[in-house]
Amino acid sequence: MRILLVEDDPALAGSLRQGLQQMGFAVESCQDGSEADAMLSLRAFDVVVLDLGLPGLSGMEVLRRLRKRGATTPVLVLTARDALQDRVAGLKAGADDYVLKPFDFEELEARLQALLRRTQSERAGYLEAGGLRLDKRSRQAFFEHQPLMLSSREVAVLELLMSRCGRVVGKDQLAEHLTGLEEEIGPNAVEVYVHRLRRKLEPFGISVRTLRGLGYLLEKND
Ligand code: CA
C-alpha cells in the first residue's frame, strides 16, 4: 500500500512516517502543497494523509485539484481542533475523513484502517457499517444477513449515511443525493425519509442521530 504523507511540521511528519511504516505502508512524503499536487497528478497512491495548513498550496486546494482530476483516492485530512469551518469545507472539497490535531498515533491508525476498509468494500460493491450491509447493485440492505424492508428513498438515505459512517451528513447533502430519484426534494421530505429509516433501524440497535443545524449521524448503540 502506497501512502502519500503531506505535513509541513518536520517533527510530526517524522513520527507519522515512522508509525505509517510500522503499519506496513510504503511512505512517500512532502512538506509543500504544490509539491503534493505535482506528486498526486503524476502518480497513484492508495491513500493520502493531508495536512490543511501548508506552504505553497493549501491542503484544501490540493484536495480540490485532486478531485477535479476525477481521482477517488481516499484522503484523510489533518486539521486543527478549533477549525470547524475547515472540517466542513474539507469534507465538501472531497476529504473522506479527518483527524483533529493534536492526536495520538493510535487514533490516526484506527481512522486510516476504517477508511481503507470502507474504500475496499465500496469498490467491491457494498457498504458496511455496524452490522449493516448494503449491496449497491441490488439496493438491498441487510442487518447481519437479515434483509431489511426499505423503500428506494430510505435505501438512498442509508447509502449516504453509511458511506459517511461516523461523520455528520448535512440535510442539503441528503437532499442532493435524493434528487436523482425525484424531481424536487425539500428539507421536509428529507426529514420524513430519515424519520422512517430511523424507525426501521431502531430494532437493530442502530440510530440516526439528529445534530441540530448540522445534519445526521449514523450510530451503533452500545
Ligand atoms: Ca501545517
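Model, not experiment: these values are computed from the prediction. (Residues numbered from 1 in each chain as written. Predicted model: local features only at pLDDT ≥ 70, side-chain atom pairs only at ≥ 80, totals over all residues. Heavy atoms only, no water.)

### Side note on the nonpolar core
Right, on to step 1. By size, the foremost hydrophobic cluster in this structure holds 30 residues, and its most contacted members are Leu-132 and Leu-201.
Right, on to step 2. Elements with a contribution of two residues or more to this core: strand E6 (126-129), strand E7 (132-135), strand E8 (140-143), helix H6 (152-163), helix H7 (171-178), helix H8 (187-201), strand E10 (206-211) and strand E11 (215-220).
Right, on to step 3. The biggest single contributor to this core is H6, with seven residues.
Right, on to step 4. With near-sequence residues (within four places) excluded, Leu-132 lies in contact with Leu-127, Phe-142, Phe-143, Leu-148, Leu-158, Met-162, Leu-201, Ile-206 and Leu-218. (Core = buried A, V, L, I, M, F, W, Y, C linked by side-chain atoms within 4.5 Å. Buried < 20%, exposed > 50% of the residue type's maximum accessible area, 1.4 Å probe, protein only. Helix = DSSP H or I, 4+ residues; strand = E, 2+ residues; numbered from the N terminus. Contact = heavy atoms within 4.5 Å.)

### What about the coordination of the calcium ion?
Right, on to step 1. All of the protein donors around the calcium ion are Asp-8 (OD), Asp-51 (OD) and Gly-53 (O); their distances to the metal are 2.2 to 2.4 Å.
Right, on to step 2. With relative accessibility at 30%, the residue Asp-8 sits in the partly exposed group. (Donors = N, O, S within 2.8 Å, 3.2 Å for Na, K, Ca; no water.)

### Structural notes on the sheet that holds strand E9 (residues 146-147)
Right, on to step 1. Read from one edge to the other, the open sheet built from four strands follows the order E6-E7-E8-E9, with strand pairing classed as antiparallel. Where the open sheet ends on each side, the last strands, each with one partner, are E6 and E9.
Right, on to step 2. Pairing analysis gives two bridges linking E8 to E9, with the strands arranged antiparallel. The partner of Phe-143 across the bridge, within E9, is Gln-146. (Pairing = 2+ DSSP bridges.)

### Considering H6
Right, on to step 1. For H6, with 12 residues, the first-to-last C-alpha span of 16 Å sits near the 16 Å given by 1.5 Å per residue.
Right, on to step 2. Residues Glu-154, Val-155, Ala-156, Val-157, Leu-158, Glu-159, Leu-160, Leu-161, Met-162 and Ser-163 constitute the buried set of H6. (Expected span 1.5 Å × (residues − 1).)

### Things to note about the domain arrangement of the protein
Right, on to step 1. By the assigned domains, the protein splits into domain 1 (2-122) and domain 2 (125-220).
Right, on to step 2. Centre-to-centre separation of domain 1 and domain 2, based on C-alpha positions: 27 Å.
Right, on to step 3. Facing the eight residues of domain 1 at the interface are 10 residues of domain 2.
Right, on to step 4. Both faces combined, the contact of domain 1 with domain 2 buries some 750 Å², and carbon together with sulfur accounts for 46% of it.
Right, on to step 5. If you sort the residues of domain 1 by the area they bury against domain 2, Arg-118, Ser-121 and Glu-122 come out on top, with a joint share of 64%. (Domains from an automatic or database assignment. Buried area = accessible area lost by both parts, 1.4 Å probe.)

### Notes on the environment of Glu-191
Right, on to step 1. Its location among the elements puts Glu-191 in helix H8.
Right, on to step 2. Separated by 20 residues in sequence, Glu-191 and Lys-171 place their C-alpha atoms 8.2 Å apart.
Right, on to step 3. Filtering out sequence-adjacent residues up to four positions away, Glu-191 remains in contact with Lys-171 and Tyr-216.
Right, on to step 4. Looking at Glu-191, its side chain comes within polar contact range of the side chain of Lys-171, at 2.5 Å. (Polar contact = N/O pair within 3.5 Å; in protein donor to acceptor, adjacent residues only side chain to side chain.)

### Here's the deal with unusual backbone geometry
Right, on to step 1. With an omega dihedral of -5 degrees, the bond running from Lys-101 to Pro-102 counts as a cis peptide bond.
Right, on to step 2. Here Pro-102 lies in the loop between strand E5 (97-101) and helix H5 (105-123).
Right, on to step 3. Here Glu-144, not a glycine, exhibits a phi torsion of approximately 40 degrees, which is positive.
Right, on to step 4. Looking at the element boundaries, Glu-144 is found in the loop between E8 and E9.
Right, on to step 5. Residue classification places Glu-144 among the exposed residues on the basis of a relative accessible area of 56%.

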